[in-house]
Amino acid sequence: MKQSKYIILACTLIVSLVSCKKYLDVNTDTDNPSNQSVLIQNRLPWIEHFYQYTAGVTNYRTSCQTGVYYTNSANPNTFSTTWACTNANSTTSYQTWFVEVSSNLVDMYKAAEKQGAYHYMAASDVFHALGYMEMLDLYGEMPYTEAGTGNPSPSPDDGKTIFNGCMAKLNEAIDLFSRTQDPVLPTLASGDLWSNGNVDKWIKLCWGLKARYMLKLSKKADLYNADSILYCLSKGPQSNADNTAGPGFNNSTQLDYLIGDPVVTNGNWDYVAYGATNRISQYYYDLLTNMRGSGVTDPRMTKIVPASMANVKLDGSGKVMSYTWNRSKGVDSYGPSTRLLKGTPTSIALQSYAAANTSVTYAIANATDRTNFINDQIASGRTYTVDGNNVKVTYPAGSIFINSTNYLYAGDTAYVNLQSGSLATTKVAQPATDVNWYPAPASGAAAGAFNAGVIGSTGSFQVRPVSDQEILTYHEMCFIKAEVYLRKGDAGSAYTAYTDGIKAHLNMMQAKLTQWKASNYNNPDMWPMDQAAIDAYLVSPAVAPGASITMADIMLQKYLAMGCSIENWNDMRRFNFSAGNVGGFGVVYPGYKRGPLFTGQAQLTGGSPTDVRYWMRRWALPPTYEIQYNSEHTLALNHHAADPNIWCMPIWWDCATDDEYNGYLKN
Amino acid sequence: MRKRKLINLIMFVMLCMIANNLMAQGVPISGTVLSDNDATPLGGVTVAVSGTNRATVTDSKGKFTITATEGAMLEFSYVGYATQRVKATADMQVRLSSAEATQMGEVVVTAMGIKKERKALGYSVTELNAQELMKNKNTNVVNSLAGKVPGVNITQFGGSAGAGASITIRGGNSTSESRQNQPLFVIDGIIYDNSTSVTGNTGTDGLSRSNTSYSNRVMDINPEDVETLSVLKGAAAAALYGSRAADGVVIITTKKGAEGKVTVNVASKISNSWENGLPDPQTVFGPGNYASNGVLNTTNTYDSWGPKIPADSTIYDNIGGFFQHGIVYDNNVNLSGGSKNGSFFLSASNFNQTGIVPGTAYDKTTFRFNGEQKYGALTLNANVAYSVANTDRTLTTAGLYLSGVGSMQSLYRWPQTFDIKNYINPDGSQHRVYAGTLGLESDIDNPYWIINQNKLTSKTNRFTGGVNANYKIADWWDLSARLGYDKYATNDYTFISPGSALIPLYQNGRLSKDLLDYTYITTTVMTNFHKTFFNDFEAHLMLGTTSENTQTVGQNHWGYNFNTPGTYSFNTIAASNKFFTDATTRRRLVGAYGEFGVSYRNIVYLTATGRNDWSSTLPIENRSYFYPSISGSFVFTELLPKSTILSFGKVRASWARVGKDANPYATGTYVNPPITVGSFTGIGNQYSAGNPILIPEIQNSWEVGGEFRFLKGRIGLDYTYYHSETENQIGQPRLAQSGGFIFSTLNAGTVINKGMEIALTGKPIAQRDLSWDVTLNFSYNKGRLGAFIPGVAYFYPTDAQFGTIKAASIPNGGYFLGMIGQPYLREKDTKGQEIPNGRYLVDPTTGFYKLNTGLPVVGNREPDFIGGINNTLRYKMLTLSFLLDIRKGGDVFNGTEYFMIANGLSKQTLLNDRQSVTVTGINSQTGAEFNQTYTAGQSYTIGSTTYAGTNMIQQYWANYAANSYNFITSVNWVKLRSLSLTYDFTNMLKSKKIFKEISATAVGTNLFTWTNYKGMDPEVSAAGGTGGSGSTGIDYLGVPAVTSVTFGVNLKF
């Protein structure tokens, strides 16, 4: 007994004291790899995907600002309709860029540098430029030189520093891409989701980005250099084959770690068409149906403006037997805004599906409204009964209708929402080649509309889960060239570039539509345009004739082609929106204005369109993640970062001089 | 059920075995108590039979009579005198020594289990014995401390069966939510985990701290096994425990067998509990809401903004009818005995509780064996305990993203004209009020559907054990070694029934299973030296070393869409819809420590300690850190002439430093699971950044205090003032995302706690048949956050944000237990500062008050002070105890009322019969007076939209709900925390062949609360177990707190 006791004691001592160092070396997570061990060819697809995600939310929200989309979602509605910009809009772009991408760039660059993998260093540089320039476009100032490295309290930099830094990174990228990488290293192709390692295309992307960024300086007499831009364009994309796009797929249900959105889909879709809150705005709709007041419907219109089924008749088995397409109207926020004025700015209602005949009783106290409402029912051929103020309408089985007793909303089926379905987000077993939206039934099984084949939305070209996410395209290059030439006074060259741009965009769309058709996507809006309509359009009054070309002609065609893109907002700022006071070009974006539902006096404090502070010129920094957590640094650089009217403070490239810019920050 | 039967069987067998051996019987024992100083009789001395409630007091001649078995131990206690334990004999004479005159003063258990005289301590320690803890027995030992220990703050997580509680001592020291501020629990020398673990995933199964009930793992202890509980409050007291002791230590010593006959104790209790408060919904207006143009919607809303309920309608008491009486059956048996060289203690218990929410339950079974054997100079101790705790619970609120609603959230909004009990259709599908007009994914589940169809369980099996060997090498030198083991596995099961109101993906059911496996192994070797020299000096030296090895393994399995109706298992889910993840953490620590103490006569005591730790969680170059402490006490009355007024006086002071290591893996940055896009695999960083240059967090603290006894000990006073400062806070707060991460690990910031504790004991009445003991305690703490990295306005734990409120700590001298939210903006003075009671700003673009959305500080959840008054009144064999728990100040957010205002169920919304509301203030754009009444029948044009008055009234309340200040109260309360009445029947026993002792007890818990708080119960914590500033003071859609009445019988054989 005594012996065993000593043995126990001795063992205990040994366990306690011996090989202490080794005993303590357990501070490595055995379930999760460390960031030190990630291969560069695994970093790059991550960066490409999550940059697409950042760009998606940015494109969406800025497109609400520029009038491409209307939304009934409360926060972005303050971009599309009331212009009482809420800070809640500011967070996602910032968070997804900084958290999902920025630190990975630093790690990928370091790892590539260690191995001498030039092409991965270069790719890191390109994403650095893409991301930080986008942040500059949105926020004006934020941490840059100290960002993305785990420094929890980085100091911000001004717009000029960020701009110059991004340009320098592109120059470095061009140099690095031009070098030959040691063949033993991972090839760019092994990690390049976007361009399959085509270095030539990457170099053209760099030059194209330089052109895009140098164009931002158009307000700066001392820095704007037309010939430099033209030089960059000459080395950038020369045809649609040189376009850089992020691919979108519908072949997986995997969701991302931060927001929980699918990882294979197009980033624009994640925000514009994931849910049912967004619709085409009247402004965009008009460009597609009445460009230059021509009354000509663009062949691209039915590919961009969604439709739903109407007048559906179901057969005995409950399947669609006959129907017509209900092509969406645009929601008007800038013009008379008749519909929105009847409700609240966010009142456009969601469509439901009537699986069986469904009656709704509307109480309509106003006699005129009641008469108009009844006339609408007669026109639609619906059964109705009237009892005093009450009008009872029956929606036949198979109808898409508004499931509300509020008569004001009953006609909102005219505004088809932009939602598209995906494998990861729809319950009903839609095959991968069916990305239509099927509205939820007011009652009955969720699959009702799908099983019947009643489509609630055919979706829109740029914002389906399987759409290409355009990063830099040849048609954008053409429109930049057109603008630069017109600014130089060379209308002839401008005109050539302008028509090249329109054709390039039509061709790009047609190629994708042809591909979709070949892949058996089941919706006619995803099939090619009629070539005859394209040809007719190009010679129609919708396209400017020859040398009489105006800046508005160029910029509106560019706007139409860019669509869901931050570049429209960048361009609009350069032309002071519709103020008409830039460079003698007149009003470049006619019809873009504060609408009758405008309530943004506190955010946009300018009193008249020629006052720069009349317009949305930047986003507030994220109220919590930057202003609250880094307030001291933030306010030291920009005294007004937390002011309600920060939304109308021009950013660096939107100012003619550094003095003007610094004046905004300090005064 | 089967388990219950087994336990009953075990108990019965034990009874039979023991009954055979019962020979001894209780007899009246009488005797006299004299003072040792002058042999005068001592009146008012409490004479208690050890281990029972039975006690008497000596009369003025020092005489007493008490019923006890021969050989039982009697305890003689008198304030100011050392308690003596004497074996009962006929006609005994006992001499009590006054504490100041004896070598052996009151002894308390201190760090590392070392017993020390209280007067030698340079810091504050509070000790509670079994009797005190059992007065208002709670199955969670932590709850039994409420109101009894100055400086200790207990918060119950809610009224659910199996809900835990949190304990903080002298405020919290760490800001970060991943860092606990609760004290270390040490049971019989072995560190005992007290986590409140959340195993699941808030996104996929709704499991987060706020959405259901969680137990704190100290609940695995059977409270009846506890002999003493010692609370070491400050760092000086706890320093020897090292890295994990910065928040104080609770040392629990379990019962041991005593030399003598084998005794059996059986205690049975039955208790009935019910909610002590419920929201009181309005029953005037029915379901519906009004669109901006005034059109009434009654086709798809659970809001209660609709028209008046017609007089002939049935109104259902949905909330009142929902809760049931909770019943507890609590059975304990223990068996103990011993010989000269050995002793044993064996116990079994079962605590079976049904909750006040139907379908919820908590069932705990425990076993313990403690044994001791001496072999000459060697003493061996062994303890093993096994427990099984099962909780049936319910989701009370919604988790993040896609988990549907919870039962309380649904209950507190259900319109009163709908019969909530009608929840299921004959075909088994959910009865849905708006089935025809609202898709399932947009609907909300009926609470009865949630509690009857879904199934959430949590099961924990725990084994703890320790072996301790002590070898007395010489009178003055001993050596001991200990091996400890703590292991538990928690298995959580969450099944969401098909047909629940979830996103379409999950409408055909969802299942998740989570495992958390915790293992802790520790070894300790310690040696002690004692020596007296020059007669007057005594010194001791202790040296020791310890190692700790902690590992947790977490596994989550989840899936959705059962493909075979009726069988809900992972086997009926397609492979593509099933997911699992693993998480393992390891932490190791080696410590070496020593203590040196020296005392001069009984006057001056000085103790110094030092410890060095090597922790695996810190970077290699920073993993070793040393921290010392020094403390002293001075019994000044030893130097004064004897006084009957001040019979004892001592002052004490201490200073200590304690280091705290990091969480495992905090030094590294890790990556996410890969994404697959086409043929490419993408891997990127997680949103938390590690920090490879972390240094340990350091707490420096000091305290001063004194102990005084007056009037020969009739009155005692203990006073402490303390100050602690915890620097280099290791945390992973949310910081500027431009750093590239959401959470970044860093050392920054300081937490400062200052406060004071007062305990006053008195014995106003001490007569033979009547005595009254009273203890009054009082404490306050002010927790503040020091400087932090510049520009950070606040920290908040993710788990504690409700309605418009977030629990948060505020840097640069702000509240540690702050609360941030959205108040209405008031007018500003010429300097741009808000005028404290200025008029509200009205936003002309909405027609309502303008909110400050910048999340300013709106409250401090820390009370101004807390206190307790603990009374014991004894009349003959009847003992009455009651405990009053007092709190003054400290803000509470009534999130339940916020919720009910937002959905139109609150009675407040009946203002003006919902015919009008008035907005008064100044126009935020023009500064002009704004005074506008919105009337139901009118319409109003705001901006360019015309709104019906009915809609404006609804919007008014939405605006009202958005103002955090409308729901914040600085709360005061006096709670009758417990009231217990015990009668000892032992004297009445005619034949004592079987029973030696019988007593019966009736206890009421939380019988009354006097408070200015308008909600259910102000003692709230909406998200149990949150670290950092926690969630105390936030009341949000929880299960109501309960009042209970317990009847119990104690039998001794």
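Nothing here was measured: the structure is a model prediction, and the numbers come from that model.

Novice: Give me the sheet that holds strand 55 (residues 968–970) of chain B: which residues, what numbers.
Specialist: Residues and elements named next belong to chain B. With respect to topology, 3 strands assemble into an open sheet ordered 55-50-58, the strand pairing being mixed. Sheet topology places strand 55 and strand 58 (1034–1035) at the edges, where each strand pairs with a single neighbour. Of the pairings in the sheet, the one linking strand 50 (residues 891–894) to strand 55 comprises 3 bridges and is antiparallel in character. Of the residues in strand 55, the one forming a bridge with Phe 893 is Ile 968. Sheet strands touched by helix 7 (residues 895–902): strand 50 and strand 58. Its angle to strand 50, the strand with the most contacts, is close to 30°.

Novice: Explain the side chain of Glu 134 of chain A to me, using residue names and the numbers behind them.
Specialist: Residues and elements named next belong to chain A. Within the secondary structure, Glu 134 is located in helix 6 (residues 118–139). Within the buried set, Glu 134 has no salt-bridge partner at all; the shortest N-O distance to an opposite charge, 6.4 Å, is to Arg 212. For Glu 134, the side chain forms a polar contact with the side chain of Thr 58, separated by 3.3 Å. Ignoring anything within four residues of it in the chain, the contact list for Glu 134 reads Tyr 51, Thr 54, Ala 55, Thr 58, Ala 129 and Ile 566.

Novice: Go over the packing of helix 6 of chain A against helix 8 (residues 199–215) of chain A with me, naming the residues and quoting the values.
Specialist: For any two helices packed against each other, one specifies the crossing angle of their axes together with the interaxial distance. All names here are of chain A. Taken N-terminus to C-terminus, the directions of helix 6 and helix 8 make an angle of 25°; their axes are 11 Å apart at the nearest point. Judged by the angle between their axes, helix 6 and helix 8 are roughly parallel. Every pair of crossing elements has a handedness; the one defined by helix 6 and helix 8 is left-handed. Residues His 119, Val 126, Phe 127, Ala 129, Leu 130 and Met 133 of helix 6 lie in contact with helix 8, whose contacting residues are Val 199, Trp 202, Leu 205, Cys 206, Leu 209 and Tyr 213.

Novice: Help me get a handle on unusual backbone geometry, residues and values and all.
Specialist: Residues and elements named next belong to chain B. Phi is positive for Asn 812, which is not a glycine, with a value near 60°. Residue placement: Asn 812 occurs in the loop between strand 43 (805–808) and strand 44 (818–820). One non-glycine residue, Asn 912, lies in the positive phi region at around 50°. You can see Asn 912 is positioned in the loop between helix 7 and strand 51 (916–923).

Novice: Break down helix 20 (residues 566–574) of chain A for me, with residues and values.
Specialist: All names here are of chain A. Burial analysis of helix 20 places 9 of its 9 residues in the buried class, the great majority of the element. Of the positions making up helix 20, those classed as buried are Ile 566, Glu 567, Asn 568, Trp 569, Asn 570, Asp 571, Met 572, Arg 573 and Arg 574. Contacts made by the buried residues of helix 20 are with helix 3 (40–66), helix 6, helix 8, helix 16 (474–488) and helix 19 (551–562). For helix 20, the N-terminal capping position is held by Ser 565, with its side-chain oxygen 3.0 Å away from the main-chain nitrogen of Glu 567. One or two residues past the end of helix 20 sits Asn 576, with phi positive at roughly 50°.

Novice: Give me the lowdown on the interface of chain A and chain B, citing residues and values where you can.
Specialist: In many analyses, interface size is given as the accessible surface area lost on bringing the parts together. Each side of the interface is counted separately: chain A has 91 residues, and chain B has 91 residues. When chain A packs against chain B, the two sides together hide about 7,600 Å² of surface, and 57% of this comes from carbon and sulfur. Looking at the side of chain A facing chain B, the largest losses of area belong to Tyr 23, Asn 27 and Tyr 629 of chain A, adding up to 11% of the total buried there. Two residues, Asp 25 of chain A and Arg 623 of chain B, come together in a salt bridge whose shortest N-O distance is 2.8 Å. Connecting chain A to chain B are 29 residue pairs in polar contact (both at pLDDT 80 or more). Ranked by the residues each element gives to the side of chain A that touches chain B, the list is headed by helix 1 (residues 2–17) of chain A, at 9 residues. When grouped by side-chain class, the residues that make up the side of chain A that touches chain B number 43 nonpolar, 36 polar and 12 charged.

Novice: So, a nonpolar patch on the surface: which residues are in play, and what are the values?
Specialist: All names here are of chain B. Judged by side-chain polarity, Leu 770, Tyr 875, Leu 878, Leu 981, Tyr 983 and Met 988 come together as a nonpolar surface patch covering roughly 510 Å² of accessible area. Locating Tyr 875 in the fold gives a position in strand 48 (residues 865–875). Taking relative accessible area as the criterion, Tyr 875 reaches 46% and is therefore assigned partly exposed.

Novice: Go over the pattern of salt bridges, please, and point to the residues and values.
Specialist: The tally for this structure, following the rule as stated, stands at 59 salt bridges over all chains. A salt bridge links Arg 217 of chain B to Asp 220 of chain B; the nearest nitrogen and oxygen atoms lie 2.8 Å apart. Each member of the pair Arg 217 of chain B and Asp 220 of chain B is classed as buried. Here Asp 492 of chain B and Arg 393 of chain B are joined by a salt bridge, their closest N and O atoms 3.1 Å apart. Note that Asp 492 of chain B is positioned in strand 25 (residues 477–496) and Arg 393 of chain B in strand 23 (residues 378–393), a separation of 99 residues in sequence. Here the salt bridges do not stand alone but share partners, grouping Glu 483, Arg 487, Lys 558, Asp 571 and Arg 574 of chain A into one network.

Novice: Give me the lowdown on the environment of Met 321 of chain A, citing residues and values where you can.
Specialist: Residues and elements named next belong to chain A. Residue placement: Met 321 occurs in strand 7 (residues 320–327). Taking the C-alpha atoms as reference points, Met 321 and Ala 504, separated by 183 residues in sequence, lie 39 Å from one another. Discounting residues that sit within four places of it in the chain, Met 321 has contacts with Lys 313, Leu 314 and Asp 315.

Novice: Requested: an account of the nonpolar core, with residues and values cited.
Specialist: Of all hydrophobic cores here, the largest spans 164 residues; its most connected members are Tyr 69, Phe 177, Tyr 589 and Tyr 592 of chain A. Among the nonpolar cores identified, the runner-up in size contains 61 residues, and Phe 323, Tyr 423, Ile 444 and Phe 930 of chain B belong to it.

Novice: Can you explain the sheet that holds strand 51 of chain B? Please cite residues and give values.
Specialist: All names here are of chain B. In space, the 4 strands of this open sheet follow the order 46-45-51-52, with mixed pairing throughout. Each of the sheet's edge strands pairs with one partner strand only, and the pair in question is strand 46 (848–849) and strand 52 (929–935). Relative to strand 52, strand 51 runs antiparallel, the two sharing 7 bridges. Across the sheet, residue Thr 918 finds its bridge partner in strand 52, namely Thr 933.

Novice: Describe the packing of aromatic side chains, naming the residues involved and giving the relevant values.
Specialist: All told, the structure shown has 95 aromatic pairs over all chains when counted by the stated rule. A ring pair is formed by Tyr 302 of chain B and Trp 414 of chain B, whose centres lie 4.9 Å apart and whose planes are at 45°; its orientation type is tilted. Placement of the pair is Tyr 302 of chain B in the loop between strand 19 (296–297) and strand 20 (326–338) and Trp 414 of chain B in the loop between helix 5 (407–411) and helix 6 (447–453), with a sequence separation of 112 residues. Exposure class is identical for Tyr 302 of chain B and Trp 414 of chain B. Each is buried. Geometry around Trp 652 of chain A places Lys 220 of chain A over its ring, the cationic atom sitting 4.2 Å from the centre.

Novice: I'd like a description of the pairing of strand 13 (residues 184–187) of chain B, backed by residues and values.
Specialist: Residues and elements named next belong to chain B. Alternating residues of strand 13 divide into Leu 184 and Val 186 and Phe 185 and Ile 187, and every residue in both groups is buried. Where strand 13 lies against strand 16 (residues 249–254), 4 bridges are found, and the strand directions are parallel. Bridge assignment links Leu 184 to a residue of strand 16, and that residue is Val 249. In this sheet, strand 14 (residues 190–192) lies alongside strand 13 in antiparallel orientation, the contact comprising 3 bridges. Bridging from a neighbouring strand, Ile 187 pairs with Ile 190 of strand 14. Between strand 13 and strand 14, which pair antiparallel one after the other, the connecting turn spans 2 residues, and Asp 188 there sits at a positive phi close to 50°.

Novice: Let's hear about the side chain of Lys 219 of chain A: which residues, and what values?
Specialist: Residue and element names in this part refer to chain A. Within the fold, Lys 219 resides in the loop between helix 8 and helix 9 (226–235). At a separation of 3.2 Å, a polar atom in the side chain of Lys 219 contacts the main-chain carbonyl oxygen of Arg 573. A polar side-chain atom of Lys 219 sits 2.6 Å from a polar atom in the side chain of Asp 654. Discounting residues that sit within four places of it in the chain, Lys 219 has contacts with Arg 573, Arg 574, Asn 576, Arg 617, Trp 653, Asp 654, Cys 655 and Ala 656.

Novice: An account of helix 17 (residues 491–518) of chain A is needed here, citing residue identities and associated values.
Specialist: With 28 residues, helix 17 of chain A should cover 40 Å at 1.5 Å per step; its first-to-last C-alpha distance of 40 Å lies within 8% of that length. Asn 520 of chain A lies just past helix 17 of chain A and shows a positive phi near 70°.

Novice: Requested: an account of the pairing of strand 21 (residues 342–354) of chain B, with residues and values cited.
Specialist: All names here are of chain B. Along strand 21, 10 of the 13 residues are buried, which leaves the element largely enclosed by surrounding structure. Pairing geometry for strand 20 and strand 21, over 11 bridges, is antiparallel. In the strand pairing of strand 21, Asn 331 is matched with Asn 350. Joining the antiparallel neighbours strand 20 and strand 21 is a turn of 3 residues. The pairing of strand 21 with strand 22 (residues 361–375) spans 13 bridges and is classified as antiparallel. Within the sheet, the bridge partner assigned to Phe 351 lies in strand 22 and is Lys 364. Once strand 21 ends, the chain turns through 6 residues before running back antiparallel as strand 22, passing Gly 359 with a positive phi of about 90°.

Calculation criteria
- Residues numbered from 1 in each chain as written.
- Chains lettered and ligands numbered in written order.
- Predicted model: local features only at pLDDT ≥ 70, side-chain atom pairs only at ≥ 80, totals over all residues.
- Heavy atoms only, no water.
- Pairing = 2+ DSSP bridges.
- Helix = DSSP H or I, 4+ residues; strand = E, 2+ residues; numbered from the N terminus.
- Contact = heavy atoms within 4.5 Å.
- Axes fitted to C-alpha atoms, helices over the stretch in contact; angles between N-to-C directions.
- Buried < 20%, exposed > 50% of the residue type's maximum accessible area, 1.4 Å probe, protein only.
- Lys, Arg positive; Asp, Glu negative; His and termini not counted.
- Salt bridge = Lys/Arg side-chain N within 4 Å of Asp/Glu carboxyl O.
- Polar contact = N/O pair within 3.5 Å; in protein donor to acceptor, adjacent residues only side chain to side chain.
- Parallel < 35°, antiparallel > 145°, perpendicular 65-115°, else oblique.
- Left-handed = near helix turned anticlockwise from the far one by under 90°.
- Buried area = accessible area lost by both parts, 1.4 Å probe.
- Nonpolar A, V, L, I, M, F, W, Y, C, P; charged D, E, K, R; others polar.
- Patch = residues over 30% accessible without salt bridge, like charges linked within 9 Å, V, L, I, M, F, W, Y side chains within 5 Å.
- Areas by Shrake-Rupley, 256 points an atom, 1.4 Å probe, with all protein chains shown as cover.
- Core = buried A, V, L, I, M, F, W, Y, C linked by side-chain atoms within 4.5 Å.
- Phe/Tyr/Trp six-rings, centres within 6.5 Å; stacked < 30°, edge-to-face > 60°.
- Lys NZ or Arg CZ within 6 Å of the ring centre and 35° of its normal.
- Expected span 1.5 Å × (residues − 1).

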